[in-house]
Every structure is written in structure tokens, then in C-alpha cells.
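# Summary of the model geometry
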Amino acid sequence: MNASTFDRTARRRTLRVAAAALTAAAALSLTACSGSDAAASKAGGQSGSGAAAEAGGAGSAGSGGADSSGGAQGSDAQPDSAKPGSGEGTAPRAGSGGGAPSRAGSGGGAAKGGGKGKFCRTSELTMGASDSSPDQETGDVTVQMTNKGGRTCSVTGFAGVDLKDADGTSAPVHRGGEQPRITDLRPGDTATFSISYSVDSSGGNMATPTHLIVTPPNETHSVSLKWPADALKLAGPYDEKIKVHPVGIAN
């Protein structure tokens, strides 16, 4: 082998070795890049999935809390007004007759807690007066009130009564001290009240009542009734000795 041939062979080997070295270096570089990218990708994937899982977990916990809270509120929570003892419905009903103030000029004095129905209107009652004196020494006039309407109503309390005299004057009759009782009238039922007074035994008394002006309990409209012609003479004056008594159901 001559020198030129040897040199060419040596150069070819050197080139092959250099090429092999370059190829190996390139392969190593690609492997390193691929590994780092994969690691980065893996790390990024794990980080993303962890964040997503964390976000999803927070969302689930949040929605679960809201649902459970909403469920608890819907099933257990109640407004104060609905709780027992809230006082709902403890206020007295209007028109029940219990503690209702009497109107000016009306027959008042309703029994406490009496009369579940509304009070009878004067136009719903048929009224009349008659002598009911038990003897010749005790004067008593009874007024009857019959429910001619189509509903049950109350006449609980004291009727307002004025005595009208023959000279045109009138005077109110004072109430007795009795406690009124609940007096509800069904259609057709009758209630009564009485007026008691001292009898004139001298024959010289100038008190000569001609009419009773009667206002039913808790009413403002009055009815004029004739004083019974057979009633015992009333001893004047028209003062506190004359008493009107509470309304009650007729016996």
C-alpha cells in the first residue's frame, strides 16, 4: 500500500468516526430533550389535574354545603311567627263582646267574654213591656226581646233604658250590680230584662212614666215602648232607687 492510499483510508476512518460521534451526540441531545419535555408534560399534566381536582373538590364541597344548608333551612327552619308561643292569634276578636267598649248612647255593659256571635241589631228584635211585679209592694216591669231575624245574635249585657214622663221629660235608669251572662239568641228565641223600682203607696206621687226608651246592648238605635198600664205606681223621684238588670234568656 502506497502512502496516498493509506492517507485516503485514514481520512475515511476519521470521517466515519466523526460522523458516528455526531450521530451519537445528536441522539443523546434528542433523548435529553424528549425526556425533559415528557417530564415537563407529565409534571404539567399532574399539576393541571391536581388543580382541576382541587377546583372540582372545592366546587363539590361548596355545592354540597349549599344543598345541605338549603335542605336544613327548608325542613327545620321556621319563621318566629310560626313557632308555638309566638303569640299568633292571641289578640281578642272584634265583635266578640269580650271587653268591647260600649258606644256612646248605646246599651252597654256586655259580659266579659260573652256573646260569640255579633250583637243583635235593634231592627232584628221585637220588643214589648209588661208588669211582672211579684206583689203589691215590689214594682217590676219586664221587657221582652225576641229575635225575629234569620241569624243567631247576642244581647249580652245591659240594655240602655230611659223613663219618659207625662210632662215630656226623661231620665236614665241606673244599672244594677249584677254580672251579665252570655245571652245568645237563635232565631225565634226570647230574652228578657227587668226594671225594679219602689212602689208609691201614698197616692200623692207625681212620677207618672208613660214610655220606656230602650236601646239593646251594644246598639245605638232605640225603641219607645209604652209603660204597662197595669204596672204599680212608681215612687219618684227618678233616681238610683230605680234599677235596670242584665239581659237573660227567658224561662
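Notes on the structure follow. Throughout this document, residue positions are counted from 1 along each chain, in the order its sequence is written. Where local features are concerned, this predicted model is filtered to residues with pLDDT of at least 70; where side-chain atom pairs are given and counted, the filter is 80 or more; whole-chain, interface and lining totals use all residues. Note that the side-chain values use all heavy atoms of the structure and ignore hydrogens as well as water.

### Considerations on the sheet that holds strand β10 (residues 223-226)
One open sheet holds the four strands; their spatial order is β5-β4-β9-β10, and the pairing between them is antiparallel. Only two strands of the sheet have a single partner each, and these edge strands are β5 (170-172) and β10. For this sheet, the mean angle separating the axes of adjacent strands, direction not counted, is 25°. Strands are labelled as partners when DSSP assigns at least two bridges between them. A run of H or I in DSSP becomes a helix once it reaches four residues, and a run of E becomes a strand once it reaches two; helices and strands are each numbered from the N terminus. Relative to strand β9 (residues 209-215), strand β4 (residues 160-165) runs antiparallel, the two sharing six bridges. Each residue of the ladder has a partner; that of Gly160, found in β9, is Thr215. Here the axes come from fitting lines to C-alpha atoms, over the contacting stretch only for helices, and the angles between their N-to-C directions go from 0 to 180 degrees.

### Describing the pattern of salt bridges
Salt bridge, as used here, is a side-chain nitrogen of Lys or Arg placed within 4 Å of a carboxyl oxygen of Asp or Glu. The full count for this structure, using the stated rule, is four salt bridges. In this structure, Glu124 and Arg151 form a salt bridge, with 2.8 Å as the shortest nitrogen-oxygen distance. Of this pair, Glu124 sits in the loop between α1 (3-75) and β1 (125-131) while Arg151 sits in the loop between β2 (138-147) and β3 (153-154); the two residues are 27 residues apart in sequence, bridging distant segments of the chain. Glu124 sits in the buried class, given a relative accessible area of 8%. Relative accessibility decides the category of a residue: with a 1.4 Å probe and only protein chains considered, values under 20% of the type maximum give buried, values over 50% give exposed, and everything between is partly exposed. With a relative accessible area of 23%, Arg151 lands in the partly exposed category. One salt bridge in this structure joins Asp189 and Arg186, with 3.6 Å as the shortest N-O distance. A relative accessible area of 24% places Asp189 in the partly exposed class. Here Arg186 falls in the exposed class, since its relative accessible area comes to 54%.

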